Amino acid sequence: MTTSSRPVRIPGIDWVLLGAVLALTVLGTLLVWSATSNRDDLTAGDSGAYLAKQVVNVAIGFVLMVVVMTTDHRWVRILAPLVYVASVAGLVLVLTMGTTVNGSRSWLMFGGLSIQPSEFAKLAVVVGMALVVAERSEGRWRGRVGAVDVLTMLAVAAVPAALIMLQPDLGTMLVLSATVFGVLAASGARRRWLAMLAAGGVAAGAAAVLGGFLKDYQIDRFMAFTNPGLDPRGAGYNVEQSRIAIGNGGLLGQGLFDGSQTRSGFVPEQHTDFVFTVAGEELGLVGAGLVIALLGIVLWRALAIASRTDDVFGRMAAAGIACWFGFQAFQNIGMCLGIMPVTGVPLPFVSYGGSSMFAGMLAVGLLQNIRLRALSAPAARLAPTPRVLVRS
């Protein structure tokens with residue numbers, strides 16, 4: 001009897017993507033632990049409280065990823081509308097019985113469990129728009145995406161977007177807008193439609209400011225973005241302190257758990273929205289660069305999966321996920337550096353929080369599912385794909 005020393009491998013899994021996500025979650029958990037271990041106001045004296053919570057979040061997230069990854073692709077298509085409806089229902093519940101945190105009514109509280117439905121809305125919009133494009137391309141009406149298709153995709157995004165604006169959650173709205181634009185561009189929509197959409201977005205933003213639809217603190221944040229020194233003890237405080245923290249890190253950082261700004265608690269929301277400042281201060285340029293590089297690998301693999309699948313639904317979903325992760329990471333890191341306004345979005349797979357982690361892991365599971373589907377495409381073509389939408 002002979003034994004093989006070769007490791008057991010699951011065929012078709014994108015190990016590079018999986019490894020990058022795993023590395024981000026491990027690094028993020030350490031950063032969250034460092035940001036909270038000295039904060040008695042958060043931990044009630046238990047320095048490892050947030051470490052334990054984040055480990056549980058990561059573990060649940062990986063379970064969700066595996067479930068989606070191993071689900072038959074036909075069921076993914078069938079369940080896509082249900083995911084969308086459940087997401088919209090969650091956003092409605094937030095407006096009726098949600099809890100307000102930091103000026104935004106975005107959370108549902110169930111005992112000690114808190115859920116932010118707007119995080120799942122990002123994935124719901126991606127799969128909803130992807131399904132519209134797939135039904136259009138695979139049905140009787142083949143050809144270039146036209147005005148009706150663009151309007152249908154915008155309608156799919158408009159319902160959760162309107163509910164998110166009512167909270168109001170400006171950060172999620174910006175991420176959602178960038179994701180919608182990316183899916184439309186990937187679908188082959190005409191350039192004039194994209195230009196009109198961009199112009200409409202700028203006009204809507206201006207109308208929101210001039211019409212008084214934004215809260216005072218949101219306007220103050222935008223003003224602080226243009227001039228952080230305008231109110232260093234108010235709206236500009238977060239940006240000033242985050243810049244100081246990152247600047248303290250230098251090349252190699254002050255050492256994990258040894259950051260002066262982090263230990264003193266000068267940076268607000270450092271375990272969630274401003275977790276990148278912990279990497280910058282304690283791990284330096286090298287550590288912060290590693291976080292950015294790992295996020296870049298995730299985007300690269302998402303785009304590679306999108307480009308290598310013939311399935312329209314999979315291609316649109318993968319492209320949308322790449323836009324979602326890419327813009328959200330840019331927005332989060334940008335606000336820590338002062339090149340983007342403070343809007344309160346988490347850094348994917350790094351910031352503390354269950355909802356963000358679960359939604360991100362579900363998206364990674366969908367990417368892996370799409371890759372597995374692409375590798376088994378010759379066999380899959382022999383079986384008909386169930387119709388999901390009924391056309392009249």
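Relevant structure appears above.
Residues numbered from 1 in each chain as written. Predicted model: local features only at pLDDT ≥ 70, side-chain atom pairs only at ≥ 80, totals over all residues. Heavy atoms only, no water.

**Overview of the sheet that holds strand β2 (residues 104-110)**
Read across the open sheet, the 3 strands follow the order β1-β2-β3; overall the sheet is antiparallel. Across the chains shown, the open sheet's two edge strands, defined by having one partner strand only, are β1 (99-101) and β3 (113-115). For this sheet, the mean inter-axis angle between neighbouring strands, taken without regard to orientation, is 45°. (Pairing = 2+ DSSP bridges. Helix = DSSP H or I, 4+ residues; strand = E, 2+ residues; numbered from the N terminus. Axes fitted to C-alpha atoms, helices over the stretch in contact; angles between N-to-C directions.)

**A word on the side chain of glutamine 116**
Within the fold, glutamine 116 resides in the loop between β3 and α5 (117-138). Relative accessible area serves as the criterion here: at 12%, glutamine 116 is assigned to the buried category. When neighbours within four sequence positions are excluded, glutamine 116 is seen to be in contact with Ser106, Trp107, Asp169 and Ser355. (Buried < 20%, exposed > 50% of the residue type's maximum accessible area, 1.4 Å probe, protein only. Contact = heavy atoms within 4.5 Å.)

**Topic: the pattern of salt bridges**
Applying the stated rule across the entire model yields 4 salt bridges. The partner of glutamate 135 in a salt bridge is arginine 77, and the shortest N-O contact between them spans 3.5 Å. Note that glutamate 135 is positioned in helix α5 and arginine 77 in helix α4 (residues 73-97), a separation of 58 residues in sequence. No difference in accessibility class separates glutamate 135 from arginine 77, as the two residues are buried. Connected via shared salt-bridge partners are Arg77, Glu135 and Asp311. (Salt bridge = Lys/Arg side-chain N within 4 Å of Asp/Glu carboxyl O.)

**Looking at the packing of helix α1 (residues 15-36) against helix α3 (residues 49-70)**
Across the interface, α1 lies against α3 with an axial gap of 9 Å and an inter-helix angle of 160°. The orientation of α1 relative to α3 falls into the category roughly antiparallel. The chirality of how α1 crosses α3 is right-handed. Contacts from Leu18, Leu22, Thr25, Thr29, Val32, Trp33 and Thr36 of α1 reach α3 at Tyr50, Leu51, Gln54, Val55, Val58, Phe62 and Met65. (Parallel < 35°, antiparallel > 145°, perpendicular 65-115°, else oblique. Left-handed = near helix turned anticlockwise from the far one by under 90°.)

**Comments concerning empty space enclosed by the protein**
Overall, the coordinates contain 3 cavities of 30 Å³ or more when judged by the stated rule. By volume, the largest cavity amounts to about 80 Å³. Residue lining of the largest cavity: His73, Val76, Arg77, Asp311, Phe313, Gly314, Leu366, Asn369, Ile370 and Arg373, and that is the complete set. Counting residues per element, the ones that place at least two in the lining of the largest cavity are α4, α14 (312-337) and α15 (354-375). If one sorts the elements of the lining of the largest cavity by residue count, α15 sits on top with 4 residues. Within the lining of the largest cavity, the residues separate by chemical class into 4 nonpolar, 3 polar and 3 charged. Each pocket or cavity is described by its volume, and for the second largest cavity that value is around 60 Å³. (1 Å grid on protein atoms, 1.4 Å probe; cavity = no way out; pocket = protein on both sides within 12 Å on 5 of 7 lines; lining within 4 Å. Points joined across faces, edges and corners; volume = space filled by probe spheres on them. Nonpolar A, V, L, I, M, F, W, Y, C, P; charged D, E, K, R; others polar.)

**Looking at the packing of aromatic side chains**
Enumeration over the complete set of coordinates arrives at 4 aromatic pairs. Here tryptophan 33 and phenylalanine 257 contribute two aromatic rings whose centre-to-centre distance is 5.0 Å and whose plane-to-plane angle is 85°, an arrangement assigned as edge-to-face. Of this pair, tryptophan 33 sits in helix α1 while phenylalanine 257 sits in the loop between α10 (237-249) and α11 (260-264), and the two are 224 residues apart along the sequence. Of the aromatic side chains, those joined through ring pairs into one cluster are Trp324, Phe325 and Phe349. For lysine 53, the ring lying beneath its charged end belongs to tyrosine 50, and the centroid distance is 4.8 Å. Above the ring of tryptophan 300, the side-chain terminus of arginine 301 is found at 4.6 Å from the ring centroid. (Phe/Tyr/Trp six-rings, centres within 6.5 Å; stacked < 30°, edge-to-face > 60°. Lys NZ or Arg CZ within 6 Å of the ring centre and 35° of its normal.)

Everything listed here is a matter of coordinates, which is why it stays silent on function.
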